[in-house]
Amino acid sequence: MPSLIALVLAAQAAAQQTPVSSARLTALKQDAIQDVAGRAQFTQQMVDQIFSYGELGFQETETSRYLVDLLRKNGFTVREGIFGIPTAWVATWGSGKPVISLGSDIDDIPQASQKPGVACHAPMIEGAPGHGEGHNSGQAVNITAALAIKKIMEREHLSGTLQIWPGVAEELVGTKAYFVRDGLFKDVDIVLFSHVDDNLATSWGDISGNGLVSALFSFQGRSAHAAGAPWRGRSALDAVELMDIGWNYRREHLRLQQRSHYVIPDGGDQPNVVPSTASVWYYFRELDYPHIQELFALGDTIARAAAMMTSTNLASVRILGSAWPGHFNKVVAQTMYENIKQVGLPQWTEADQRLAHALQRDIGAPDSGLATRLDTLRPALKPNERTGGGSDDIGDVSWNVPTVTLRFPSNIPGLPGHNWANAISMATPIAHKGATAGAKVMAMTVLDFLLRPELVAQAWDYFRDVQTKDVHYQPLIRPQDRPAIELNQDIMARYRPAMRRLYYDPTKYRTYLEQLGIAYPTVRAPDGSCAGGATP
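The structure displayed is predicted, hence computed values, not measured ones. (Residues numbered from 1 in each chain as written. Predicted model: local features only at pLDDT ≥ 70, side-chain atom pairs only at ≥ 80, totals over all residues. Heavy atoms only, no water.)

Considerations on unusual backbone geometry
Omega for the bond connecting Lys 97 with Pro 98 falls within 30 degrees of zero, at -5 degrees, which places this linkage in the cis form. Structurally, Pro 98 is set in the loop between strand S2 (89-95) and strand S3 (99-105). Following Tyr 520, the chain continues into Pro 521 via a peptide bond in cis, with omega recorded as -10 degrees. Along the chain, Pro 521 turns up in the segment after helix H15 (512-516). In this model, His 157 sits at a positive phi of 55 degrees, which is unusual for a non-glycine residue. (Helix = DSSP H or I, 4+ residues; strand = E, 2+ residues; numbered from the N terminus.)

What follows is the structure, given as structure tokens:
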């Protein structure tokens, strides 16, 4: 039996929207598919433009400016700098219920600069960041779909609100918990997220990855001449190293599901000065809120013990980011998958497959080429199937609003992830066609929830009666925590001048490949050399 809340939601939605017949909904979906197909060049330009910006988390200034301007030109109202995050924004169009929210990430990966369409390691700028996860493509999916739906809503006089927002600093899991805390999704009915993949797919239930706390442990010691009077110093770096040693010994006795790793952003200034400051940055990953908090508390205990051993102080423990493990809505996923089956995978050309095969061989991945068989609807994992893995702060959103992720085929199977190899396809026909396929599915799914109020009610039924029946969201960020908006400033300041010279200019070039003068596909030469060097 539907819950009372679900019935009320359905009644409210029905009052604002007259349900359409199945035949009419099918016809509107065909209109949306044709509209998205007609915007293929628009989608391609968006994919290529964001690829060329190549911005790290919290520093996505060019990307955000470009997207905000584009949305305003197309009639959306945009609020910028939301929740104290300069590169965050929210765009809305329409009025009334339901409110359908579309999100996708926009940041990229350090040291992943790579010429697109070249099936071997060929940085555009040595050491610079690049889209080694493919976050340049998701906003193209969402915005293309939203414009197609906006046109239909205007023509058919449909009520409802479209909301679009960026996943800022997702690689740092740095913002979505703040979006939730500060009310971005307060009145939202359904969240449809998009993320690059090598197939067209969605899933429901608990995801395979972990949630996490990202924390910076900073130690304070006392400086001294490292040779002349070392006994007068107290090394903060010693505390960092002892914390890491302690953690690595303890790691053997932690659950198999945990993942934990660290870097040392501050290890002192120079060898002849005992470091008075040092810091270590940890990701603590586990399957659920209690185990994440337990892992974080253990890290804090080991940090304090390291300070005691070195007669230093643990000066601060700063949370730089967090993520709940995701749980996706069964009703929304099933609805979306029916549209996935109708759209199907893109038709890959011989050139597309040649690039994929060449790259797979080059990095030693299975030589399978691009996917030609549609993925199945991924059901909820059983508890023993959840073995841990990566994290995404869309998990925080998923525990507050019925949410799913649409994964669309713009990358090549078998790649390592967070790597230059994952950037190779992301400004090529593979990404362009995959984003268009994703936009078709996204537009069709938005129509389902705009025009079938019973689906909204059923999605909330699942959310309240199944997903959150025994598990209730508690933020991993603390009340005093604020987004770490200063991260990556130095890196982008170092590389942006050179990167700016390579920004895509769609007024002069049809594609970014054309602007860069890259033949598609370019593969390793017979003599084993990789075509191209650094900056073209």
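Considering the sheet that holds strand S9 (residues 277-286)
Strand order across the open sheet formed by four strands is S8-S9-S7-S10, with antiparallel pairing between neighbours. Two strands bound the open sheet, and with one partner strand each, they are strand S8 (259-266) and strand S10 (313-323). Pairwise comparison of adjacent strand axes, ignoring direction, gives a mean angle of 20 degrees for this sheet. Sheet contacts for helix H7 (residues 236-251): strand S7 (211-220), S8 and S9; angle to S9, the most-contacted strand, approximately 20 degrees. Together, S7, S8, S9 and S10 form the strand contacts of helix H8 (residues 289-310), whose direction differs from that of S7 by roughly 10 degrees. (Pairing = 2+ DSSP bridges. Axes fitted to C-alpha atoms, helices over the stretch in contact; angles between N-to-C directions. Contact = heavy atoms within 4.5 Å.)

What to know about a nonpolar patch on the surface
Together, Leu 242, Ile 245, Tyr 249 and Met 309 make up a nonpolar patch on the protein surface, roughly 440 Å² of accessible area in all. The greatest single-element share of the nonpolar patch, amounting to three residues, is contributed by H7. By the secondary structure assignment, Ile 245 is in helix H7. (Patch = residues over 30% accessible without salt bridge, like charges linked within 9 Å, V, L, I, M, F, W, Y side chains within 5 Å. Areas by Shrake-Rupley, 256 points an atom, 1.4 Å probe, with all protein chains shown as cover. Salt bridge = Lys/Arg side-chain N within 4 Å of Asp/Glu carboxyl O.)

Quick notes on the packing of helix H2 (residues 22-38) against helix H12 (residues 429-451)
Contact pair H2 / H12: the axes reach a minimum separation of 9 Å and the direction vectors enclose 150 degrees. Relative to H12, the element H2 lies roughly antiparallel. When you trace H2 past H12, the crossing you get is right-handed. Here H2 contributes Leu 25, Leu 28, Lys 29, Ala 32, Ile 33, Val 36 and Ala 37 to the contact with H12, which in turn contributes Thr 436, Ala 439, Lys 440, Ala 443, Met 444, Leu 447, Asp 448 and Leu 451. Of the residues that constitute the contact of H2 with H12, the class distribution is 11 nonpolar, one polar and three charged. (Parallel < 35°, antiparallel > 145°, perpendicular 65-115°, else oblique. Left-handed = near helix turned anticlockwise from the far one by under 90°. Nonpolar A, V, L, I, M, F, W, Y, C, P; charged D, E, K, R; others polar.)

A closer look at the side chain of Gln 258
Tracing the backbone through its elements, the reader meets Gln 258 in the loop between H7 and S8. Judged by relative accessible area, which is 9%, Gln 258 ranks as buried. Within the structure, Gln 258 has its side chain in polar contact with the side chain of Ser 260 (distance 2.9 Å). Excluding residues that lie within four positions of it along the chain, Gln 258 makes contacts with Asn 210, Arg 251, Arg 285, Glu 286 and Leu 295. (Buried < 20%, exposed > 50% of the residue type's maximum accessible area, 1.4 Å probe, protein only. Polar contact = N/O pair within 3.5 Å; in protein donor to acceptor, adjacent residues only side chain to side chain.)

Remarks on the state of the cysteines
Here, disulfide denotes a covalent bond that connects the sulfur atoms of two cysteines. Going through the model one piece at a time under the given rule, you end up with one disulfide. In this model, Cys 120 is linked to Cys 530 through a disulfide, with the two sulfur atoms separated by 2.1 Å. Taking the torsion about the sulfur-sulfur bond, which here is approximately 90 degrees, the covalent link between Cys 120 and Cys 530 counts as right-handed. In this pair, Cys 120 is assigned in the loop between S3 and helix H5 (138-156) and Cys 530 in the segment after H15, connecting sequence segments 410 residues apart. (Disulfide = S-S within 2.5 Å.)

With respect to the nonpolar core
Ranked by internal contacts, the top residues of the largest apolar core, which has 153 residues, are Phe 76, Phe 185, Leu 192, Phe 217 and Phe 219. With 11 residues, H12 is the single largest residue contributor to this core. Counting 13 residues, the second largest nonpolar core, distinct from the first, contains Ala 356, Leu 359, Leu 370 and Ile 424. (Core = buried A, V, L, I, M, F, W, Y, C linked by side-chain atoms within 4.5 Å.)

Digging into the packing of aromatic side chains
Taken as a whole and judged by the stated rule, the model has 21 aromatic pairs. Centroid distance Trp 165 to Phe 179: 5.9 Å. Interplanar angle 85 degrees. Geometry classified as edge-to-face. In this pair, Trp 165 sits in strand S4 (residues 160-167) while Phe 179 sits in helix H6 (residues 176-181), placing the two residues 14 residues apart along the sequence. Neither residue differs from the other here; Trp 165 and Phe 179 are each classed as buried. Centroid distance Phe 284 to Phe 296: 6.2 Å. Interplanar angle 40 degrees. Geometry classified as tilted. In this pair, Phe 284 sits in strand S9 while Phe 296 sits in helix H8, placing the two residues 12 residues apart along the sequence. For Phe 284, a relative accessible area of 0% gives the class buried. Members of the aromatic cluster, joined through ring pairs, are Phe 217, Trp 247, Tyr 262, Tyr 282, Phe 284 and Phe 296. (Phe/Tyr/Trp six-rings, centres within 6.5 Å; stacked < 30°, edge-to-face > 60°.)

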